[in-house]
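Descriptive structure summary
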Number of protein chains: 2
Amino acid sequence: MAQTLPFRQVSSPLKASCHTCSLSNLCLPLAINETDLESLEDIVQQGRIYSRGEHIFDQSTPFRSCFAVRSGSVKTSIVSEHGEEQITGFFLPGELVGLDSMSGDHYACTAKALERTSICEFPVQKLEELTTRLPGLQHHMYHLMSQEIQHSHQLNMLLSKNTAEERIAALLLSLSSRFQRRRLSGTRFSLPMARNDIANFLGLAVETVSRVFTRFQNQGLIKARGREVELLDVPALQGVSRELSQQACP
Amino acid sequence: MAQTLPFRQVSSPLKASCHTCSLSNLCLPLAINETDLESLEDIVQQGRIYSRGEHIFDQSTPFRSCFAVRSGSVKTSIVSEHGEEQITGFFLPGELVGLDSMSGDHYACTAKALERTSICEFPVQKLEELTTRLPGLQHHMYHLMSQEIQHSHQLNMLLSKNTAEERIAALLLSLSSRFQRRRLSGTRFSLPMARNDIANFLGLAVETVSRVFTRFQNQGLIKARGREVELLDVPALQGVSRELSQQACP
DNA sequence: TTTCCAAATTGATCCTGATCAAGTTTCAAA
DNA sequence: TTTGAAACTTGATCAGGATCAATTTGGAAA
């Protein structure tokens, strides 16, 4: 995958057009003004398209940029010394990938496209220069990073206190509200990730995930066929989850 | 606890002396220069002393400041809708509390002193102003927040993949290396937290923590009497833990 | 010192979810 | 269309750790 990086930099980087991007209200501070927005556009590069399963970066890639998902979705994961993988997050359009890597000179995780995915690239060096000039943008960076800490803490609680059913209900509701913020249906959507990924993320076995899905289905809470999911009874799901209403929702 | 806050602000805040603070190499960027350090000292207030169990802030407190532990130790926790508590971190001298709260206008967690604890206060408004002027300090803030995300991700992995023994070994080793960085013994120290807190933090029952401690003791890995702990066989503990070598170690 | 309550330990039993083992479905490539 | 492999589902069994219960220890206040 190391070859893809030089390629992306050689190929003339398109200047991003945050002005017209429908996601700008998600990945940008709402308070940002016209001139500030132009400064940001100057440093943002419209990255290339990644196809399903393709690496965006991994723990051996030198850290240069954060990435905003424009369309599609991304998963990040860390790997233990013994090769065990732990998925640390799923990222939907408008969400920023790489905030965990802003210390050290390599990425702290591996990022992989879950489907055909388009991303915008923020070179951190330029971003840091810019945030010293734009206090509003700096504040927004603190805001985003702080939220990522909070969401991870909520996930800790979920993993340490909740049952399999509660974890899965919470994930479904999280996805639901995040889709909804993107003006997509919050009750009928397509899971960007495999059952295996769900299991890994939530600290469960695949078989358990599968069983809970069918149990929810039998109880009339959801309708699921493969990755297509319909939430039939959101209040009931909320009753099951009791926590993490909008994990990782920026 | 709300009464203590006004009190702390009325009582003339002492200007901190980061110059002479033995922890400055932990909580400050190493590259910071003389003039920058003075700017920082201008905004840092030497906070008051908290006694064991005392609240520093909670989720109803308006967010104003981050805090650096000067001596003693602090635990932070979040509470679910149903009143379940989840400890999200233990903080030793030199570590910064409150980075998860830099979004929103209230703290995102509750912070409580685990013992007699002295802290320095960083009013965030002034801190943000300062970081726009000092790019090195801004970079350091990104660095610290990024690390907090990483540590939380590592904790996620620990909770989702590791056994009770592995979790506890990892915690002991984490504390060990953090004490060591503070020039304290890494093999013989006093746990700042109760068994209950360890259990809560690691997603276990108290009884399990107790049992693992005695098991480790019988295997000759540690010697434990109450909160006094001696690590007798660090390599063996590392073999048990296999992960999270230095969680939350800034 | 005694008293008292919280913290910690130890034992016995139970249950959720892991693991092992077959299938079944899906979907992409030939 | 066939084929093959990965993804998913379902069933049976097992085990790690939770829970319940009973002491024991420790430390602060009287």
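Quick caveat: nothing in here was measured; it's all calculated off a predicted structure.

Topic: the relation of the copies chain B and chain A
You can overlay chain B on chain A at an RMSD of 0.0 Å; the transform is a turn of 180° with a shift of 0.0 Å along its axis. When the rotation and shift are considered jointly, the pair of chain copies conforms to a two-fold rotation axis. No C-alpha of chain B approaches the rotation axis more nearly than that of Thr132 of chain B, which lies at 2.2 Å. Most of the interface of chain B is mirrored in chain A: 100% of its interface residues are interface residues there too.

Details of the side chain of Asp100 of chain A
Along the chain, Asp100 of chain A turns up in the loop between strand S7 (96-97) and strand S8 (110-113). Arg178 of chain A provides the closest opposite charge to the buried, salt-bridge-free Asp100 of chain A, at an N-O distance of 14 Å. Those residues in contact with Asp100 of chain A, other than ones at most four positions away along the chain, are Ala108 and Cys109 of chain A together with Ser146, Ile149, Gln150 and His153 of chain B.

Overview of the packing of helix H6 (residues 164-181) of chain B against helix H9 (residues 234-241) of chain B
Residue and element names in this part refer to chain B. One way to put it is that H6 packs onto H9 with a least axis distance of 8 Å and a crossing angle of 130°. One way to sum up the angle between H6 and H9 is to call them oblique. Judged by the sense of rotation from one axis to the other, the crossing of H6 with H9 is left-handed. Residues Glu165, Glu166, Ala169, Ala170 and Leu173 of H6 form the contact with H9, whose participating residues are Val234, Leu237, Gln238, Val240 and Ser241.

Let's talk about the sheet that holds strand S8 (residues 110-113) of chain B
The four strands are arranged S3-S8-S5-S6 (chain B) in an open sheet whose pairing can be described as antiparallel. Of all the strands in the sheet, just strand S3 (55-57) and strand S6 (85-91) of chain B have a single pairing partner and so form its edges. Ignoring strand direction, the axes of neighbouring strands in this sheet form an average angle of 30°. Sheet topology note: the strand S5 (residues 74-79) of chain B/S8 of chain B ladder contains four bridges and is antiparallel. When the sheet's bridge partners are listed, Thr76 of chain B is paired in S8 of chain B with Ala111 of chain B. The strands that helix H5 (residues 135-161) of chain A touches are S5 and S6 of chain B; relative to S6 of chain B, the one it contacts most, it runs at about 125°.

The rules behind each value
- Residues numbered from 1 in each chain as written.
- Chains lettered and ligands numbered in written order.
- Predicted model: local features only at pLDDT ≥ 70, side-chain atom pairs only at ≥ 80, totals over all residues.
- Heavy atoms only, no water.
- Least-squares fit on C-alpha atoms with pLDDT ≥ 70 in both.
- Contact = heavy atoms within 4.5 Å.
- Helix = DSSP H or I, 4+ residues; strand = E, 2+ residues; numbered from the N terminus.
- Buried < 20%, exposed > 50% of the residue type's maximum accessible area, 1.4 Å probe, protein only.
- Lys, Arg positive; Asp, Glu negative; His and termini not counted.
- Salt bridge = Lys/Arg side-chain N within 4 Å of Asp/Glu carboxyl O.
- Axes fitted to C-alpha atoms, helices over the stretch in contact; angles between N-to-C directions.
- Parallel < 35°, antiparallel > 145°, perpendicular 65-115°, else oblique.
- Left-handed = near helix turned anticlockwise from the far one by under 90°.
- Pairing = 2+ DSSP bridges.

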